[in-house]
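# Structure assessment
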Amino acid sequence: MTTKVLVWGAGAIGGTVGAFLARAGHEVTFVDVLPLHVAAISDPALGLAVDGPVAQFTVTAPAFLPQELAGRWELILLCVKGQDTASASRALMPHLAEDGAVVSMQNGLCARLAEDVLGKGRVVAASFNFAGDWIKPGHVLFGARGALALGELDGRETDRVARIVALLRDFEPAATASSDIQSWIWGKLGFGAMLTAHAVGQASIIDCFNRPELIPLWRRLGDEIAAIASRQGAHPHAFDAYDPAAFTLAASEDATREGVKRLVEFSRHGAKTHSGIWRDLAVHRRRTEVSAQLGPVVDIGRAHRLDCPTLSRLLWMLGEIEAGKRRQDDLNLNELMTGEMSPVG
């Protein structure tokens, strides 16, 4: 059955998912803030190209800048960076049908922020682990498949989630509905913290994980996330090759090493060598969404009187790199692990 879908944000996530849905025959409309990207997607001579080991194809679809858009949709996929969640939610509100839903296809705790703007019951949360990169206008890389789960923020099992999952299986055949989407989100936050730490250096994800001296770093990051999640009534969910239980201080170091080995093997099958956070810093030279992803997590921890020293240092270090006060250097991970912070200019 053909579905009308509005994809708000046509970058690595929205561009990839929307292209697959368009190829499957759904009526997909894209919104993005980059004029050259919008022009390419809607140009029959160019289109939106998906590249990588999973699939290679090009689609053409209607695409608009936010101020150019007219009409209303029953289903909107919100795929913007975390720091843009509130402003994008306000901008798309006039285009959301009265009984429509917004799916927060974002990392972190953005679904709650979108719901604060759009109203209770208007937002469905998603957790995903597929590898995507925005390369240039009209071009995205789909590096590897990964887990995709959707659920209501209040844990209800609803027909609308089932319908959206069925739609998204035209992108990811293994997409699933969950009555505990918060645990999926917190699981991805744990893995995401590791990928964020990788971004402070220059080595690839695999090379970074293969550094045995960094085992304590992965354990501390995972342990802090798990402790905060527990205070929120969530227990980080395992997905793909990531097992949150292997990345806590309660786990044995051998279990953590086995967990790292699984992540390395999983990463070998994809084309994504560096995280999106790393690309934002090293390639696009732009602000990352780390403060929007991990900042609220640290705030929650502090509200529960939980010390989050490693996460706090990670946020501080990324801020220094964004401000040009520190270069991306593999030695940053050693400092992050030991807590002995010094400027690397």
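Preceding block: the structure.
In short, a report on the structure. (Residues numbered from 1 in each chain as written. Predicted model: local features only at pLDDT ≥ 70, side-chain atom pairs only at ≥ 80, totals over all residues. Heavy atoms only, no water.)

### A closer look at the packing of helix H8 (residues 215-231) against helix H12 (residues 309-322)
Let me state the cut-off plainly: Geometry is summarised by axes, namely lines fitted to C-alpha atoms with helices restricted to the contacting stretch, and by angles between N-to-C directions that run from 0 to 180 degrees. Strands here are runs of E lasting at least two residues and helices are runs of H or I lasting at least four, both read from the DSSP assignment and numbered beginning at the N terminus. Working rule for angles: under 35 degrees goes down as roughly parallel, over 145 as roughly antiparallel, 65 to 115 as roughly perpendicular, anything else as oblique. Contact definition: two residues touch when any of their heavy atoms are within 4.5 Å. Three classes are used, and their members are as follows: Ala, Val, Leu, Ile, Met, Phe, Trp, Tyr, Cys and Pro are nonpolar, Asp, Glu, Lys and Arg are charged, and the others, Gly among them, are polar.
Relative orientation of the contacting elements H8 and H12 amounts to 110°, with a least axis distance of 8 Å. Comparing the axis directions of H8 and H12 gives the class roughly perpendicular. Note on element contacts: H12 touches H8 through Pro309, Thr310, Leu311 and Leu314, opposite Leu217, Arg220, Leu221, Glu224, Ile225 and Ile228. Of the residues in the contact of H8 with H12, the class split is seven nonpolar, one polar and two charged.

### Remarks on the side chain of Lys272
This is how it is decided: Any pair of nitrogen or oxygen atoms within 3.5 Å is treated as a polar contact; in protein, a donor-acceptor pairing is required on top of that, and neighbouring residues in sequence qualify only through side-chain atoms on both sides.
When you line up the elements, Lys272 lands in the loop between helix H9 (253-268) and helix H10 (276-282). A polar contact of 3.0 Å, which involves the side chain of Lys272, links it to the backbone oxygen of Gly132. A distance of 2.5 Å separates the side chain of Lys272 from the side chain of Asp133, its partner in a polar contact. Contact partners of Lys272, with chain neighbours within four places excluded, come to Ala131, Gly132, Asp133, Gly143 and Ile205.

### Observations regarding the pairing of strand E10 (residues 139-144)
Rule in force here: Buried residues are those whose accessible area, probed at 1.4 Å on protein chains only, stays under 20% of the maximum for their type, while exposed residues exceed 50% and partly exposed ones sit between those limits. Pairing between strands is defined by DSSP: at least two bridges between the two strands are required.
Along E10, six of the six residues are buried, which leaves the element largely enclosed by surrounding structure. Of the strand pairs in this sheet, strand E9 (residues 131-136) and E10 are connected by five bridges, and their pairing is antiparallel. Residue pairing across strands places Asp133 opposite Leu141, the latter belonging to E10. Between E9 and E10, which pair antiparallel one after the other, the connecting turn spans two residues, and Gly138 there sits at a positive phi close to 80°.

### A look at the packing of aromatic side chains
Cut-off, in case you're wondering: A pair of aromatic rings is counted whenever rings of Phe, Tyr or Trp (Trp by its six-membered ring) have centres within 6.5 Å, and the orientation is called stacked for planes under 30 degrees apart, edge-to-face for over 60 and tilted otherwise. Definition used: whenever NZ (Lys) or CZ (Arg) falls within 6 Å of the ring centre and also within 35 degrees of the ring normal, the charge is taken to sit over that ring.
Counted according to the given criterion, the structure contains twelve aromatic pairs. Centroid distance Phe209 to Trp218: 5.3 Å. Interplanar angle 90°. Geometry classified as edge-to-face. Both residues of the pair, Phe209 and Trp218, belong to the buried class. Put simply, the rings of Phe20, Phe57, Phe128, Phe130, Phe142 and Phe171 touch in pairs and so form one group of aromatic residues. Directly above the aromatic system of Phe57 lies the positively charged group of Arg23, at a separation of 4.1 Å from the ring centroid.

### Considerations on the pattern of salt bridges
Worth spelling out the cut-off: Basic side-chain nitrogens of Lys or Arg form a salt bridge, by our definition, when they fall within 4 Å of a carboxyl oxygen of Asp or Glu.
Under the defined criterion, the tally for this structure stands at 15 salt bridges. Ionic pairing is found between Arg160 and Glu152, a salt bridge with its closest N-O pair at 2.7 Å. The residues Arg160 and Glu152 share a single accessibility class, namely buried. Taking the shortest distance from any N to any O, the salt bridge between Arg156 and Asp154 comes out at 2.6 Å. You can call Arg156 partly exposed: its relative accessible area is 44%.

### Considerations on the state of the cysteines
The line we're drawing: Put simply, a disulfide is two cysteine sulfurs that come within 2.5 Å.
Using the criterion set out here, one finds zero disulfides in the structure. Counting only cysteine sulfurs, Cys110 is the nearest neighbor of Cys308, a cysteine outside any disulfide, at a range of 18 Å. Overall, Cys308 belongs to the buried group, its relative accessible area being 4%.

### A closer look at the sheet that holds strand E1 (residues 4-8)
Across the sheet, eight strands lie side by side as E5-E2-E1-E6-E7-E8-E11-E12; this open sheet has mixed pairing. Edge positions in the open sheet fall to strand E5 (63-64) and strand E12 (176-177), since each of these has one partner strand only. Here E1 pairs with strand E2 (residues 27-31) via five bridges, running parallel. Residue Lys4 lies in a different strand from E2, and its bridge partner there is Glu27. The sheet strands contacting helix H3 (residues 85-92) are E1, strand E6 (73-78) and strand E7 (96-104), and the helix crosses E6 at an angle near 165°. Strands in contact with helix H4 (residues 110-118) are E6, E7 and strand E8 (123-128); relative to E8, the strand with the most contacts, it is inclined by about 165°.

### Considering the environment of Glu172
Here Glu172 lies in the loop between helix H5 (159-168) and E12. With near-sequence residues (within four places) excluded, Glu172 lies in contact with Arg145, Gly146 and Leu148. Polar contacts involving the side chain of Glu172 include one to the main-chain amide nitrogen of Ala174, which spans 2.9 Å.

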